[in-house]
Amino acid sequence: MVAPAWMHQQITAEQYDSWSEEQCSGIEIVDGMVVVTPSASPRHNRLARLVANALDAAGRADWNADTDFDVRLQDVPLTTRRPDVVVYRTSMIDSAPMHPENVLLVVEVVSPGSESTDRILKPGQYARAGIAFYWRIEQSAAGVPLVHTYVLDPAERTYRVGDVHTGVIEATAPFTAKIDLTHL
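The rules behind these values
Residues numbered from 1 in each chain as written. Predicted model: local features only at pLDDT ≥ 70, side-chain atom pairs only at ≥ 80, totals over all residues. Heavy atoms only, no water. Helix = DSSP H or I, 4+ residues; strand = E, 2+ residues; numbered from the N terminus. Contact = heavy atoms within 4.5 Å. Areas by Shrake-Rupley, 256 points an atom, 1.4 Å probe, with all protein chains shown as cover. Pairing = 2+ DSSP bridges. Phe/Tyr/Trp six-rings, centres within 6.5 Å; stacked < 30°, edge-to-face > 60°. Buried < 20%, exposed > 50% of the residue type's maximum accessible area, 1.4 Å probe, protein only. 1 Å grid on protein atoms, 1.4 Å probe; cavity = no way out; pocket = protein on both sides within 12 Å on 5 of 7 lines; lining within 4 Å. Points joined across faces, edges and corners; volume = space filled by probe spheres on them. Nonpolar A, V, L, I, M, F, W, Y, C, P; charged D, E, K, R; others polar. Core = buried A, V, L, I, M, F, W, Y, C linked by side-chain atoms within 4.5 Å.

**Some thoughts on the overall build of the protein**
Okay, step 1: Helix and strand content of the protein: four helices and 12 strands.
Okay, step 2: When contacts within the protein are restricted to residue pairs at least 6 apart in sequence, long-range pairs at least 24 apart make up 51% of them.
Okay, step 3: Summing over all exposed atoms, the protein offers an accessible surface of approximately 9,700 Å²; the carbon and sulfur share of this is 53%.

Quick look at the structure:
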């Protein structure tokens, strides 16, 4: 199979905006280039859904938590990521694309194929875009996930390491979520 020509050239924000949701599904754009993301495992998807549901249930009226949509980190060169969970301002629910200034928290669930991207590349991109909180969830062999939290240092545009949680997560301000991950 030969990849389509558009996968070998930089994509502009205007081109990407003209694509259908189906065309955008399963890809991210990094520095203008299409990156195909493999399908996540059922365990990965379940964990992301549980975290999103818990954050949404614990949330305030001015924020939503969802899965499976794009966050436009920058327009030139285009960088669009699809975090596993995004907490964003409720007033922006119909906005597309979602911009970093409306994102309060991004969560990435680490899979075997995404370890270096979720640990190294994405935190830098999210921090440079100004997203205040980043959580990285690692699925441990013991079955209870580890949640690594990070807080943005706005002056440096890098993340400071926060707490590591197992089992029950109590999010820090502005988040008031209490997530029990012991029964996965």
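**Some points on the pairing of strand S4 (residues 71-74)**
Okay, step 1: Pairing analysis gives three bridges linking S4 to strand S5 (residues 79-81), with the strands arranged antiparallel. When the sheet's bridge partners are listed, Val71 is paired in S5 with Arg81.

**What to know about the packing of aromatic side chains**
Okay, step 1: Tallied over the entire structure, the rule returns six aromatic pairs.
Okay, step 2: Residues Phe69 and Tyr88 carry aromatic rings whose centres are separated by 5.3 Å and whose planes lie at 90 degrees to one another, so their mutual orientation is edge-to-face. A residue pair is termed long-range when its members are at least 10 positions apart, and Phe69 in the loop between strand S3 (63-66) and S4 and Tyr88 in strand S6 (residues 85-89) qualify at 19 residues.
Okay, step 3: Taking relative accessible area as the criterion, Tyr88 reaches 3% and is therefore assigned buried.
Okay, step 4: Aromatic ring contacts, followed pair by pair, group Tyr126, Tyr134, Tyr150 and Tyr159 into a single cluster.

**Considerations on the environment of Ser91**
Okay, step 1: Mapped onto the fold, Ser91 is located in the loop between S6 and strand S7 (103-110).
Okay, step 2: Exposure remark for Ser91: the relative accessible area of 64% places this residue in the exposed category.
Okay, step 3: For the pair Ser91 and Asn102, spaced 11 residues apart in sequence, the C-alpha separation works out to 8.9 Å.

**Section: the layout of surface pockets**
Okay, step 1: In this structure, the largest pocket occupies an estimated 890 Å³ of space.
Okay, step 2: Lining the largest pocket are 38 residues, and of these Thr37, Pro38, Ala40, His44 and Asp84 lie nearest its centre.
Okay, step 3: For the lining of the largest pocket, the secondary structure elements donating two or more residues are strand S1 (27-30), strand S2 (33-36), helix H3 (42-58), S7 and helix H4 (115-129).
Okay, step 4: The dominant element in the lining of the largest pocket, judged by the number of residues it contributes, is H4, at six residues.
Okay, step 5: Its residues placed into classes, the lining of the largest pocket shows 12 nonpolar, 13 polar and 13 charged.
Okay, step 6: Its boundaries defined by the atoms lining it, the second largest pocket holds a volume of some 220 Å³.
Okay, step 7: Lining the second largest pocket are 13 residues, and of these Tyr16, Glu21, Asp70, Ala96 and Pro97 sit closest to its centre.
Okay, step 8: Only helix H1 (13-18) and helix H2 (21-24) provide two or more residues apiece to the lining of the second largest pocket.
Okay, step 9: Class assignment for the residues of the lining of the second largest pocket results in seven nonpolar, one polar and five charged.

**Topic: the nonpolar core**
Okay, step 1: Within the largest apolar cluster, 17 residues are counted, with the highest numbers of intra-cluster contacts made by Val51, Leu55, Val85, Val87, Leu105, Val107 and Ile137.
Okay, step 2: Those elements that provide at least two residues to this core are H3, S3, S6, S7 and strand S8 (133-138).
Okay, step 3: Per element, the largest residue contribution to this core is five residues, and it comes from H3.
Okay, step 4: Membership of the second largest hydrophobic core comes to 16 residues, among which are Phe69, Val71, Tyr126 and Tyr134.

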